[in-house]
Amino acid sequence: MISYITRRMLVLPFVILGVLLIVFGMIQFLSVNQRLSTYISSPAELKNTDLEVLAEEYGLNDPIWTRFGRWISDVVQFNFGWSESAKMPTKKAFTTFFPVSLELAIWSALPIVLGGIWLGTLAAVNHNNVIDHIARLFAIVGWSLPSFVAGLLLLMVFYGGVVSWFPPGRLGFEAKQIVNSAQFVRYTHMNTIDAILNGNWFVFVNAVRHIILPAIVMSYVRWAMLLRIMRSSLLETLRKDYVQTARAKGQKEGVVIKKHARRNALIPVVTVAGIYIAFLINGLVVTETIFDWHGLGRWAVNAAQQFDTSSLMLFVLFNGVLLVFANLAVDIMYAYLDPRVTYD
Amino acid sequence: MNYRWKNGLIFALSLTLIVSLVVVGLGQDEPEIQNPNTLTAVATGTANTLDPSYAYDTASGNIITNVYENLIRYPYGVVDGDEKKPGDYSVSKYEPMLASKVPSQENGLIRKTPDGGIIYEFPIREGVTFHNGNELTPEDVEYSLERTMIQDRSGGPSWMLLEPLTGYGSITSLVTTVAGVEEYSETTSADRTAAFKAFIDPAVEVKGQSVILKLNDPYPPLMNILAHSSYWSSVMDKQWVAEQGGWPGTAETWPEYHNPGGGSAAEESPLYDKANGTGPFKLDRWEPGQEAVFSRYEDYWREPAELESFVLQKTQEWGTRRLSLVNGEADIVYMPLQYIDQVQGAKGVTVQTGLPTIQMNPAAFFTQDVKTENNEYVGSGSWGDGIPSNFFNDVKVRKAFNYAFQYDAFIEQVLQGYGYKTNGPVPKNMQPYYNDELEMYSYDLDKAEELLKEAHDGELWAKGFEFTILYNSGNESRKTAADIFEANIEKLNDKFEINVRSVDWSTYLDMMVQEKTPLFLIGWIADFPDPHNFVTPFMASDGTFSGWQGQGMKELATEKYDPLIEEAMATVDEQERKEIYYELQRLAKEDAVDVWLPQAQGIRVMRNWVQNAPFNPMYSDSWSYVYPISKGYE
Amino acid sequence: MKKKIKKLLTNPLSVIGLIIIFFYIGVAVAAPWIAPPENPGEPYKVPRDGWSSTPQPPGEGHIFGTTQGQYDIFYGVVWGTRTAFRVSLMVVGISAIIGVLIGTLAAFYGGAVDSVLMRVVDVFYSIPYLVAAMVLTTILGRSLTNALIALIVFGWMGYARLIRGNILSVKEEEYISAAQAVGATDFRIVFRHILPNSIFPVVVQASMNMGTIVITAATLSFLGVGAQEGYADWGQMISFARNWILGTQGDTLKFWYTVLIPGAAITTFCLSWNLIGDAFRDIMDPKMQGGGV
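Just so it is clear, the structure is predicted and the values come from calculations on it, not from any experiment.

### A closer look at the overall build of chain B
Part 1: What chain B contains, in helices and strands, is 19 helices and 25 strands.
Part 2: Expected size for 634 residues packed as a compact globule is a radius of gyration near 26 Å; at 27 Å, chain B falls within 12% of this value.
Part 3: By principal-axis analysis of the C-alpha atoms, chain B measures approximately 90 × 80 × 50 Å.
Part 4: Within the span of chain B, comprising 634 residues, buried residues form 64% of the whole.
Part 5: Accessible area of chain B: about 22600 Å², with a carbon and sulfur share of 46%.
Part 6: In chain B, 50 positive and 93 negative side-chain charges are present, and the distance between their average locations comes to 4 Å.

Have a look at this one:
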C-alpha cells in the first residue's frame, strides 16, 4: 500500500503539468488581440495605446513554449502574477477567496455525506415503505430543480417577503464591524469558526444565518444524488449472496447492514463522493453568485469571462492538486472497503 | 429496539433538531439596521486602485473622489425625494475647492502670454490638512499634477494632463521626440531628465501661494480636466507619497516611477492600496472587490460631514441588491433602468428619474471597408449571402439604417419612457454646444426602402445581403437595439438577412481592432464634459472608435472632421467653438457616420431617509460624492 | 427480454416516467405545427413581441406569457423540448460511451494502463466543466453546440471512474474466475460477465444525467455561456427570469410564470428520467430475474 501511494505521488507533478498545459493551450488558441483584452478593459483605454507595442511588452507574440516556461519559472518562485479580474495579485486573490469557499464547502459537505449515506441506507432498508417513498420524493425534487432557481426562491421567501431570517452575503452590517475590528482575531478567515474561537456568540449566529441558505443550495442536489446512489447500491448489495448467507447464519439485521452490506455498497458511493469533490467548484459558482459570496467559484467564473490567464492557471493548479489527492483517497477507500481489491 | 424503528426515530429527531435550529435562528433577529450615521451604498463595480495617477475606471474614481480633492469643483444640485431641488447642475461653471479662487479672464487669473501661450493661476487655500495631518502647500499641487504626468501608465488617464500641459499624448512620445530617436528604450537618462526639465517642469510651477499652469496652446477643456470628479487631478501630499516609496519629485528620478506594473499590475504602484487626501472622508479599509469603508475626517477644512461613516459594497446580483434596499440594510443601490417597475411604490424607497447624463451609450457604428477575409460576420464577402467590403461606404446605406430604427419605441419600451433622442455625437446635456435644432433621422421605413433601392446602383436591392450585428454579451438594451435593426431591415426585402450575435469583450476588441465588425454597438462615457471628449472618439481619424471604422471613415475624417476638431480646440471662445461643433454635428448627420441611439436618462434609487444626495451629471453614481449626505426624515 | 419489458410497463412509477417522456417526444415532433416559427429558416429563434423589458402575464397571443424582452414563453418551451432532447442525448450518450470505454480498459488491464488512464482522468477532472465551458465557448464562439462540446469533453470522467470501480469489485467475484478457469477469452469475459454486472450503476447514472444535463445547460445560460440569447432553450427561458424572480414590491409572485413554466418543463423532464432510471435498475439486476424481494 505504501509503495502504491508513493507511486501515485510521484506521478502527481506530471498530472499537474498535463492540466496546466491543457488550460494554457486552450487559452493560446485565442488571438493576440483577444488576449490583450485582459489589459484593455474598456474602449477608453485604447487611447494612446499602441496594441502592437503592448503585445510586445507582455510577450504575447513569443512562442508558446517561451510563454509557458516564463510562467512556470514565475510559479516556482510563488509569483503568480496579477489577477485582472480580481484587481489584485493572483496569490492574494486566492488566499482571500479560499477560506470563503472552504467554509461553504464544509457546511455543505457534512449534510451531503452524512445525510446522503444515512438517508440512502434508511430508504434501502425500508424499501418500498413510506420512508422510502418520502426519501425518494425528496431526492427527485432536489434533483430536478436548477440550483440557481432554488437559491433565488429561497432568498425570496426567507429574505424578501415579510421576514429577513436568512440574508444574502456572509455577514450582516453590525457583525461585519465586529469582525473587522482590532479585537476580533482572524484565525481562519472563516466567520463561523473564527466566531467560535473568539467566543463571540452574536457573530456566530449571524454567520450561521448567512450560511444556511447557501449551504442548503450547495448540498441538496448532491444530497439527493448521493441518497439515490446509496439506496440503489445498497439495495443491490442486500440481495447479494454473502448478505443472504449472513442472514441465514442468523446474524442480526443491524449487523448485516452495518458489517456487510453497507461496506460494499459504499464503493460506488465513495466513487460518487470523489466525483462530487471534483464538481464542488461548479456548485460553488452558482451559489456564490446568488448569495454574493466572494469565493473561488465566482473568482473562477470572472477569470474565465475576462480571460484572466494568471488566475485561471492558479485556480486550475489548485484544483489539480486537490483532485489528485481526492482521487487517491478514493482509491485507498476502495481498498479499505473491499479487501479483495489490491493494488500491488 | 427494532432496527427500523430506531432509524425512524433518529430520522424524526434529526428533523426536529433542524427545525429547532431554524427557529432559534429566527429568534436572534437583528435589530433593524438604520445606522443613522452610516451610509451604505451597494454597487457592481470593482475598484482597480486607489492611486489617482493610475486609476481610469469609475469604481476607483468613486473611492478617490470621496477621499481626495481637486483645485476646483462643479456645483452640485441637491435632489431630494421626488422633487428635484433645482440646484445648479452645470458642468461648465466651477466653484473653488483647494484653490481659493476660480481662475477666469475677469479676475485676471487666466491670461495670455506674449508668446501665444495661456497661463492659469490657482491661488491655493491655506489651513487645509491631509488626513495624516500634513498641511497642504502649493508644492503638493505641483507635485500631484507632475506625478500623474510622469507616471503615464499604459491605458491610463495621464494623457488628459499631458495633452494640455505639454502638447504630447504620452510622456514616452515626448521624450523620444525631444531626444530625436524612434523608441523610448533608446533614450538615455540624460534625455529623460532633459525632457522633464524642458516640458514638465515649466508647465506647472509654484509662485508664492499659487500654482501656475502654463500652456503653449489653448486647451479649452483644461478646467474640466482639473475639476473634482476628474480623479486623476486629485491633490496628493508630496511628502507622504515619497514616504510610501513614491516619486520624490525630482527631474532625475522620474523614469523609475514611470508606468508601474506596465499598466496591468496596479499593485506595483505604491499608492495602490493607500490613500491620504484632503477630502471629508478618510479611507479606513479597502477590500478589493468587496467593500470600501470610510470614516469622517474631523479636521476637514469645511464643515465636517454629517455622516460618521460610509460603506461602499459590491453585489453583482440585482435581486440581492434590491432586497438589501427594501430591507433597509442598504441606503442606495445601483439599479439598471429596466427594473424600475420593481421598486416603484416600495415602502420607504425613493426613485429619482429624469436626471441629465453625459454619455453616448450606446451608439451603433458602421465600418466602411470592412475586412472580409476570414470574417464570419460578413457572410460570403459578396452580395447575396454576405456583404462586400464597401457595403457601408455608400452613404445611402448608412442613412437607410438611420431611418430603420424605432427611436420612440425604444424609448417607450426599453427605456421605460426615461430616455431621449439625441443628435449626437455631442451629448444633449452639454450646453451650449449641443444643437437641439438639428433635424435628425426618424423612424421611416419608406425612406429607408427608397434609399436601399438606390444604394450601390441598385445592386444591393437586387441581390440582397447577409451580415451579423455584434453586441457585447449580457447587455440587454444593446441586444434589443440590434434586434430592432434586424426586424426592420429584414421587413423590407426577403433577400435581406441580418444575424445578431453576442460576443464577449475579448472577441469584440479583437474584431473591432481588425475592422471586421460591419455594425457594432458600444458606448462611451465622458472623461470630462467637453465636446472635444466626444467628437474625438466618434469622428477623428485616430479616434477611439472612428479610428477603427475602416478606411472610408478615415478618409472622411481626415478630410472633413480633423481640421474642424483642431480648430475647435484652438480657441477658448465659447461662441466660436459652438459654431464649429454645430458644424461637426451637421456633418455627422449628413454623412450618417453612425446611428445615434436614444439615450437613457439618469436614475437614482435610494431610501427616503437619505437627505441631500448631491447631483451633477459628472458624478457617475449617487455615491460619487457623499459629503453633503445625511440620514433622517425631514 | 419480454419479461423485462413487462416489468418496465407494470411498475407504476416507470409508467409515469414513460408517459411524460412520450409526451415530450410528441411535443418535440409536433413543434413546427404547435408553434410555427416566424422564419422557417431559424426555428430556434424565439419571437419577440415588442421590446420592453417587463415580462407580460399569460394572456392573449401568449398562452404562457412573455419573459424579459417579450420572448414568447410558449414558443420557447415547445422548441426548447427539441433542444432538451438534443442536449441530453448527445452529451450523455457520447460522454458515457467515452467514459465506459476508458474505464473498462483501465480496470480490466490494470497495471500501467490503469495508471496512465486514471491519470488522464485526473487531468481532465482538474478543470471544472463550467470554467472549461466558458473558456471553450469564447474561443469557439458562443453557441449551444460549442457548450455541448465542452460538456462532453469535460464530463466523461464520472462514467469512467464508476465503471472502473465496479469492475474492480466484480473482477474478483467467483464467477469470473470460474469463467477464466473454463477458458473463456478476455473479450468474452468482459462482455458476457463483467460488463453486464458492473454496467448498471452506469445506466442508472446515465439516465439520471439525462435530466441533470438539461439543468447544467440551464446553469450555463445563467452564467452567460451556452446558447445565444433568444435561442429556444429551457435554460435560456429561466435565465431571463433571473432579475424578475422577486416580483415587484407589492407582489412578489407577479412574474411567477417566467420561472414556473420553464421550471416545470425542466423538472418534469428530469423527473421522468429519474423514474425510468429507477425502473432500469430494477430490470437489469440479474439477481432479480424470476421475482425479487
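### Observations regarding the interface of chain B and chain C
Part 1: Contact residues are listed per partner, giving 34 residues for chain B and 24 residues for chain C.
Part 2: For the interface between chain B and chain C, the tally reads two salt bridges.
Part 3: Residue C:Lys45 is joined to B:Glu486 by a salt bridge in which the shortest nitrogen-to-oxygen separation is 3.1 Å.
Part 4: Looking at the side of chain B that touches chain C, the elements that each hand over two or more residues are α9 (318-327), α10 (340-343), α12 (407-414), α15 (476-492), β18 (496-503) and α16 (505-513) of chain B.
Part 5: Examining the composition of the side of chain B that touches chain C, we find that seven residues originate from one element, α15(B), more than from any other.
Part 6: When grouped by side-chain class, the residues that make up the side of chain B that touches chain C number 11 nonpolar, 13 polar and 10 charged.

### A few points about the sheet that holds strand β7 (residues 118-123) of chain B
Residue and element names in this part refer to chain B.
Part 1: Within the open sheet, the four strands sit side by side as β6-β7-β9-β8. Their pairing is antiparallel. The sheet is open, and its two borders are formed by β6 (110-112) and β8 (204-207), each paired with just one other strand. Sheet twist, expressed as the mean angle between neighbouring strand axes with direction ignored, is 25°.
Part 2: In terms of strand pairing, β6 meets β7 through three bridges, oriented antiparallel. In the sheet register, Lys 112 faces β7, and the bridge partner there is Ile 118.
Part 3: Against the sheet, helix α6 (residues 189-203) makes contact with β8 and β9 (210-215), and its axis sits at roughly 50° relative to β8, the strand it touches most.

### A short note on the sheet that holds strand β22 (residues 602-607) of chain B
All names here are of chain B.
Part 1: Here we have seven strands laid out as an open sheet, ordered β10-β11-β12-β1-β13-β22-β14, and mixed in their pairing. Only two strands of the sheet have a single partner each, and these edge strands are β10 (281-287) and β14 (349-355).
Part 2: Sitting on the sheet, helix α2 (residues 58-67) touches β10, β11 (291-296) and β12 (309-314), and the angle it makes with β10 is about 150°.

### Focus on the packing of helix α5 (residues 90-125) of chain A against helix α13 (residues 280-290) of chain A
Residues and elements named next belong to chain A.
Part 1: Interaxial distance between α5 and α13 falls to 11 Å at its minimum, and their mutual angle equals 105°. Classed by the angle they form, the pair α5 and α13 counts as roughly perpendicular. On α13, the residues that touch Ser 101, Leu 104 and Ala 105 of α5 are Leu 280, Leu 284, Thr 287 and Glu 288.
Part 2: Grouping the constituent residues of the contact of α5 with α13 by class yields four nonpolar, two polar and one charged.

### So, a nonpolar patch on the surface
All names here are of chain A.
Part 1: Together, Ile 106, Trp 107, Leu 110, Val 113, Leu 114, Val 185, Tyr 187, Ile 193 and Leu 197 make up a nonpolar patch on the protein surface, roughly 800 Å² of accessible area in all.
Part 2: Those elements giving two or more residues to the nonpolar patch turn out to be α5 and α9 (191-197).
Part 3: Locating Trp 107 in the fold gives a position in helix α5.
Part 4: On the accessibility criterion, Trp 107 (31% relative accessible area) is partly exposed.

### Focus on the nonpolar core
Part 1: In this structure, B:Leu213 and B:Phe401 are the most contacted members of the largest nonpolar core, which totals 356 residues.
Part 2: With 16 residues, the single largest contributor to this core is helix α3 (residues 73-109) of chain C.
Part 3: Setting aside its immediate chain neighbours within four residues, B:Phe401 contacts B:Phe366, B:Phe391, B:Phe392, B:Phe467, B:Phe485, B:Ile489, B:Ile498, B:Leu519 and B:Val595.

### Brief notes about the domain arrangement of chain B
Residue and element names in this part refer to chain B.
Part 1: For chain B, the domain assignment lists domain 1 (69-257) and domain 2 (359-600).
Part 2: Here the C-alpha centre of domain 2 lies 35 Å away from the C-alpha centre of domain 1.
Part 3: Contact with domain 1, which involves 14 residues of that partner, is made by 12 residues of domain 2.
Part 4: Contact with domain 2 buries surface across domain 1, with Pro 218, Pro 220 and Pro 221 losing the most and accounting together for 38% of the total.
Part 5: Summed over the shared surface of domain 1 and domain 2, the number is zero salt bridges.
Part 6: Where domain 1 touches domain 2, the interface holds zero residue pairs in polar contact (both at pLDDT 80 or more).
Part 7: For the side of domain 1 that touches domain 2, the secondary structure elements donating two or more residues are α4 (159-166) and α7 (222-226).

### Remarks on the pattern of salt bridges
Part 1: Considering all chains together, one arrives at 23 salt bridges over all chains under this definition.
Part 2: It is possible to trace a salt-bridge network through shared partners that takes in B:Arg285, B:Glu287 and B:Glu291.

### Things to note about unusual backbone geometry
All names here are of chain B.
Part 1: Cis geometry is adopted by the peptide bond preceding Pro 362, which originates at Asn 361 and carries an omega value of 0°.
Part 2: Structurally, Pro 362 is set in strand β15 (residues 359-366).
Part 3: Cis peptide bonds are those with omega within 30 degrees of zero, and the linkage from Gln 431 to Pro 432 qualifies with 0°.
Part 4: Within the secondary structure, Pro 432 sits in the loop between β16 (419-420) and α13 (445-454).
Part 5: Even without being a glycine, Glu 515 presents a positive backbone phi close to 60°.
Part 6: By the secondary structure assignment, Glu 515 is in the loop between α16 and β19 (519-525).

Conventions adopted
Residues numbered from 1 in each chain as written. Chains lettered and ligands numbered in written order. Predicted model: local features only at pLDDT ≥ 70, side-chain atom pairs only at ≥ 80, totals over all residues. Heavy atoms only, no water. Helix = DSSP H or I, 4+ residues; strand = E, 2+ residues; numbered from the N terminus. Rg over C-alpha atoms; globule rule 2.2 N^0.38 Å. Buried < 20%, exposed > 50% of the residue type's maximum accessible area, 1.4 Å probe, protein only. Areas by Shrake-Rupley, 256 points an atom, 1.4 Å probe, with all protein chains shown as cover. Lys, Arg positive; Asp, Glu negative; His and termini not counted. Charge placed at Lys NZ, Arg CZ, Asp CG, Glu CD. Contact = heavy atoms within 4.5 Å. Salt bridge = Lys/Arg side-chain N within 4 Å of Asp/Glu carboxyl O. Nonpolar A, V, L, I, M, F, W, Y, C, P; charged D, E, K, R; others polar. Pairing = 2+ DSSP bridges. Axes fitted to C-alpha atoms, helices over the stretch in contact; angles between N-to-C directions. Parallel < 35°, antiparallel > 145°, perpendicular 65-115°, else oblique. Patch = residues over 30% accessible without salt bridge, like charges linked within 9 Å, V, L, I, M, F, W, Y side chains within 5 Å. Core = buried A, V, L, I, M, F, W, Y, C linked by side-chain atoms within 4.5 Å. Domains from an automatic or database assignment. Buried area = accessible area lost by both parts, 1.4 Å probe. Polar contact = N/O pair within 3.5 Å; in protein donor to acceptor, adjacent residues only side chain to side chain.

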